[in-house]
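Chain by chain, the residues:
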Amino acid sequence: MYDIIIAGAGPAGASAALFAAKAGKKTLVIDSDQSMTKKAWIENHYGRDKISGPDLVETGLAQMKKFGAEHRQAKVLSIDSTDTGASVTTEEETIEAKHVLLATGALTDTAEKSGIQIKEGPEPRIKQVVDITPEGRTSLDHVWAAGTCAGKSVHTIVTSGHGAEVAINIISELNGERYVDHDVLK
Ligand SMILES: Cc1cc2nc3c(=O)[nH]c(=O)nc-3n(C[C@H](O)[C@H](O)[C@H](O)COP(=O)(O)OP(=O)(O)OC[C@H]3O[C@@H](n4cnc5c(N)ncnc54)[C@H](O)[C@@H]3O)c2cc1C
């Protein structure tokens, strides 16, 4: 069983996966390759002078894989609560995890089909978003959401930061104590 399955490998999902895998959690990212970030040219991401969206997405994928996160290209069709966590179903398989994180960008169809509570979106072009608690929990047990699909400001620095924030909350819950990841200058 995976510790965390993440739907979406844009800035929110890959950033969450990076934190989860680096924390030693068995992490799977399932992505349907429809990232809006792949259409962007970015000059407002802290720490980067400028970067193309495709390069940011590729760098994020490489970073999360470096720490052991697995990546599969597929669409998550539905999510269900289980006795031990949650499961995700694609066209090919149903996979179980202790926690599932939705990082599906502007797309909320899978959350909606799964009976997860949705609300009106806060920004132009984002019609609806997943309703989350301040920690990132959705209305379905063991299912969380981060980034654009969770109603965050549609900017890469914000969505990637929120992916990390919610991942830290999930890792902390798995560990039973607050998690911090600080490397020290070598
Ligand atoms: C033209 C354009 C220009 C932009 N320019 C800027 C800019 O200059 N600066 C800036 O900060 N931001 C910019 N943005 C916004 C930025 O791209 C987003 O704010 C942010 O990156 C979204 O991150 P995300 O991870 O939430 O979503 P996304 O990057 O959209 O990633 C979501 C991922 O989830 C996957 N997915 C969705 N549903 C499923 C499913 N059911 N199963 C599996 N996978 C699924 C998708 O395939 C996708 O890969 C721009 C956006 C656009 C469209």
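Preceding block: the structure.
Source: prediction; values computed, not measured.

**Student:** For this particular structure, what's the right way to read the packing of helix H1 (residues 11-22) against helix H2 (residues 53-66)?
**Tutor:** In a packed pair of helices, the relevant descriptors are the angle between the two axes and the axis-to-axis distance. Packing of H1 against H2 brings their axes to within 8 Å, and their N-to-C directions diverge by 20°. Of the possible angle classes, the one that applies to H1 and H2 is roughly parallel. The hand of the H1/H2 crossing is left-handed. Here H1 contributes Pro11, Ala14, Ser15, Ala17, Leu18 and Ala21 to the contact with H2, which in turn contributes Leu56, Gly60, Leu61, Gln63 and Met64.

**Student:** Before we go on, may I ask you to explain the pairing of strand E2 (residues 27-31) in this structure?
**Tutor:** Both faces of the sheet carry side chains from a regular strand, because those side chains alternate between them. Where burial is concerned, most of E2 is hidden: five out of the five residues are buried. Burial along E2 is two-sided: the face carrying Thr27, Val29 and Asp31 and the face carrying Leu28 and Ile30 are both buried. Inspection of the sheet shows strand E1 (residues 2-7) paired to E2 by four bridges, in the parallel sense. Among the inter-strand pairings, isoleucine 5 is bridged to a residue of E2, identified as leucine 28. Handedness of the β-α-β unit built from E1, H1 and E2 comes out right-handed. As defined by bridge partners, E2 adjoins strand E5 (residues 70-73) across four bridges and the pair is classed as parallel. Paired with leucine 28 across the bridge in E5 is glutamate 70.

What counts, and where the lines are drawn
Residues numbered from 1 in each chain as written. Predicted model: local features only at pLDDT ≥ 70, side-chain atom pairs only at ≥ 80, totals over all residues. Axes fitted to C-alpha atoms, helices over the stretch in contact; angles between N-to-C directions. Helix = DSSP H or I, 4+ residues; strand = E, 2+ residues; numbered from the N terminus. Parallel < 35°, antiparallel > 145°, perpendicular 65-115°, else oblique. Left-handed = near helix turned anticlockwise from the far one by under 90°. Contact = placed C-beta atoms within 7 Å. Buried ≥ 20, exposed ≤ 12 C-beta atoms within 10 Å, placed from the backbone. Pairing = 2+ DSSP bridges. Right-handed = clockwise from strand over helix to strand, strands pointing away.

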